[in-house]
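# Structural characterization, general
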Amino acid sequence: MVKREVTLKRSKRRWRPLPFSIRENDLGPFPKDVQQIQSDSSQNFNVLYKIYGKGVDQSPVGLFSVVPETGMLRVHRAVDREEISEYKFFAEAVSTDGVKRDRDLDVTVVVEDENDNRPEFAKVVVISVLEHSEIDTIVGQVNATDRDAPNTLFSQVNYRIVSNTDLFRIQPETGVVYTVSTALDRETKDTYEIEVEAMDCKGLSYGLSSTGTVTIVLRDRNDNPPTFKASKYEAVVEENKKDVLLLRIPVDDRDLVNTSNWKAKFVINKGNENGNFRIETDPVTNEGLLYVIKPLDYEKNAVVKLEVAAENEAGLVGSNKNWATIPVNVNVTNVDEGPEFDPANLFLRIKENEPNGTIIGTYSALDPDTKTSDGILYYETSDPASWLEVEETTGKLCVVGSMDRESSFVTNGIYNVTVKAVDRSSKTGTGTVVIHLEDENDNSPIITNKDLTICEHYGQLGSVKVEAEDKDDVPFSSPFVFGFPKNHDQNWKITNEEATSMSLEQARELPSGTYNVPVIIRDQQGKSEQQSITIRICKCSNGQCVTSPISTALGVWGILALLLGIALLLMLLCILLTCFCGEKKETVDVDNGAEAVLIKSNTEGPGEEVMASNFRAPAQHTTLDQESRFQQPSGGGVQDIRLSDFQKASNGYGGETLDGGMRNGPSSYLSATNSTMQNNYGQQFGGGVQHYADQNSTSIWRTNGLVIDQKLNGFVTEHDDRFAQDISHVYGFEGKGSLAGSVGCCSDLNDDSGLEFVNTLGPKFRTLAQVCRKK
């Protein structure tokens, strides 16, 4: 690989160097030459110079210009460095034919500073210091600014205090103000104003200067305690008064108002050992407010002497003074008062269940003026359980009820009774009897959860937790001892005994059911009683016993079953009405076999026919009696027709007499009748008419044999379509006087008997079936 040698050529500068500057605030004359610029291309071409940018065609416009032929830059007016410290614009060299002969030159003109600005203070200068501060404590710093060039002599400022003061001084270079005295007292003068001079050029004589006023504020410290306006105070109050304002105590404080150095805090140093008084501060007036909060007794103390001190919320600082105190005398005036119990609260300690009539103590009161109990009567004002009776003249306390420590009227073993004493002037006084009832072992442990459930788990023996409690206190309560009576059935055992609970576990696998388990629980002293726990063993869901699942969703088959039940109910109602209407027999004239008349029978119950034989008749034929009846369906139900009536109406069967039909015996008559029924009611009913006779009973015609056989066969075989015929059907008109008013499967039952099939319909319909049977 051959390396190529590269010759580096130095690029010749094409513009002459141009760093230059102008002075601010120049007095002229203007325009004034600044500096000449020249391009090297001027040696080969006649070039013209142009400039553009800031100070030329940009603000401030027209400040600089150039002589096109020579390249001399000119300034046309004075400039201010504090407004613009330097100007940057561009120059270009163009030949006479308009072609640029050099790259544009960037020109920078720096404005030289002059000391033309004085130092300036802020409009308000406020600094502060605590009163009575030590010498050379920093008060604050004064600062003046100079707009001349920073870090130059023209902007370096020195300070001095020009006003006459011997309390403060200032550090010249930094402007920090210090104290030079400890006599700064806010209560004497709280604000000082000093005049400070600031001079640039480090304070030299040719520097420029200005003065400003500095305000120094003295901050307060608590060097003045509150002082009372009087040397002592007096107050008067009646005995037995309370929550009464006795006195207002004013004070003075020289410290700053509404600060913690000024706000007073009053303290009762002496005389309030019994807590009869309270003193507080009025937040508006800063006065002390003295209250009596507990009644005073004139007989015990007619004058109460107090000593009250006034303090501040903040502690004293820089002062050797102490908090001021003042005496206050409270004069108590005498008032005729009621009897007083001594003591105010009588404490008694007795055992519970003391027998009635027991005197447990005496609670008496005294007249404060006479110091005797003469003429004082005693009454109960509060006895929640009515356990005590107070003897009216002596104040003896007598038991009149069973004092049970476990009663709801007793709290932590304490029972309170309030007694009132009344003197001759009807003035009253009250006292409280506090009775502490000592516990006795009068309660046996009691099971708190007697009804429990064990969920069956295959191959596991279940258990339940039994808990007990004893209302008595220790040592008459827990820990308990759990056990069984001697004759228990060994099906259960006790495990996991604790202080107040145990686990009752199956000793062997038990079937589902409810068990009553007797247990005995004894307390520490052996007191017990036999109790019974009811435990139910069952299958569970979510911890609860469940019964056999019952679906609440009907679905399609559920709805069909419901509709079938309604249809069967309506059918059985029709059968029931037929039974009621079948006892009274009436003669029916049959005209041409085409119409029938329903005769009102006024039957109140089923006839004897309901006890006839089953639907399937025997094959043999019997001789018909002249008074034999057969039943013929009509539009409203089944109707009895006497045989003699058929003989009279023989023309209605095509001119053939009933006798003629009977010459060949019952079979001929049956054949004729079947033929007639088939013509009148159709193949379904006509083919199903059978004649059964008994010499010792009435003959019965059955008209629905085939349909009944079909239904019975359906119930035996449990076909799903066995209910398909149990609905209403629409048939065409069959001719004038048609006897087929209804051709439903159950509308033409020609007899009230043979209803045993309803037993196959289920238990819901047995009641209707029983109605149609002969009692």
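As shown above, the structure is provided for reference.
Description of the structure in this document. (Residues numbered from 1 in each chain as written. Predicted model: local features only at pLDDT ≥ 70, side-chain atom pairs only at ≥ 80, totals over all residues. Heavy atoms only, no water.)

Attention now moves to the environment of Ser512. When you line up the elements, Ser512 lands in the loop between β40 (501–506) and β41 (513–522). Residue Ser512 is classed as partly exposed on the basis of its relative accessible area, which comes to 46%. Measuring from C-alpha to C-alpha, the distance between Ser512 and Lys539 comes to 8.0 Å, with 27 residues separating the pair along the chain. Sequence-distant contacts of Ser512, defined by excluding residues within four places in its chain, comprise Glu456, Ile537 and Cys538. One polar contact links Ser512 to Glu456, side chain to side chain, over a distance of 2.3 Å. (Helix = DSSP H or I, 4+ residues; strand = E, 2+ residues; numbered from the N terminus. Buried < 20%, exposed > 50% of the residue type's maximum accessible area, 1.4 Å probe, protein only. Contact = heavy atoms within 4.5 Å. Polar contact = N/O pair within 3.5 Å; in protein donor to acceptor, adjacent residues only side chain to side chain.)

Okay, the state of the cysteines next. Enumeration over the complete set of coordinates arrives at two disulfides. Note on cysteine connectivity: Cys455 is disulfide-linked to Cys540, with sulfurs 2.0 Å apart. On the S-S bond that ties Cys455 to Cys540, the torsion sits near -90°, and the link is left-handed. Of this pair, Cys455 sits in strand β36 (residues 451–455) while Cys540 sits in strand β43 (residues 540–541), placing them 85 residues apart in sequence. Taking the relative accessible area as the measure of exposure, Cys455 reaches 22% and is therefore partly exposed. Judged by relative accessible area, which is 27%, Cys540 ranks as partly exposed. The side chain of Cys538 participates in a disulfide bridge whose partner is Cys545; the two sulfur atoms lie 1.6 Å from each other. Between Cys538 and Cys545, the S-S dihedral sits near -70°, and the bridge is therefore left-handed. (Disulfide = S-S within 2.5 Å.)

The next point concerns the sheet that holds strand β19 (residues 244–249). Strand order across the open sheet formed by three strands is β19-β23-β22, with antiparallel pairing between neighbours. What marks the edges here is a single partner per strand, and that holds for β19 and β22 (277–281). When the angles between neighbouring strand axes are averaged without regard to direction, this sheet yields 25°. Both β22 and strand β23 (residues 288–292) contribute to a ladder of five bridges, which runs antiparallel. (Pairing = 2+ DSSP bridges. Axes fitted to C-alpha atoms, helices over the stretch in contact; angles between N-to-C directions.)

For the bond running from Ser59 to Pro60, omega is -5°, close enough to zero to count as cis. Within the secondary structure, Pro60 is located in the loop between β3 (47–53) and β4 (64–66). Backbone torsion omega between Ser478 and Pro479 reads 5°, so that peptide bond is classified as cis. Notably, Asn353 is not glycine yet its phi reads approximately 65°, a positive angle. Mapped onto the elements, Asn353 comes out in the loop between β27 (345–351) and β28 (359–362). Residue Asn353 is classed as partly exposed on the basis of its relative accessible area of 30%. Unusually for a residue other than glycine, Asn412 sits at a positive phi of about 55°. Locating Asn412 in the fold gives a position in the loop between β32 (396–399) and β33 (414–422). Judged by its relative accessible area of 72%, Asn412 is exposed.

Of all 10 residues in strand β24 (residues 303–312), seven are buried, a share of seventy percent or more. When strand β21 (residues 264–270) meets β24, the two strands line up antiparallel, connected through six bridges. Residue pairing for β24: Phe266 is matched across the bridge by Ala310. Of the pairings in the sheet, the one linking β24 to strand β25 (residues 324–333) comprises eight bridges and is antiparallel in character. Along β25, the bridge assignment pairs Glu307 with Pro327.

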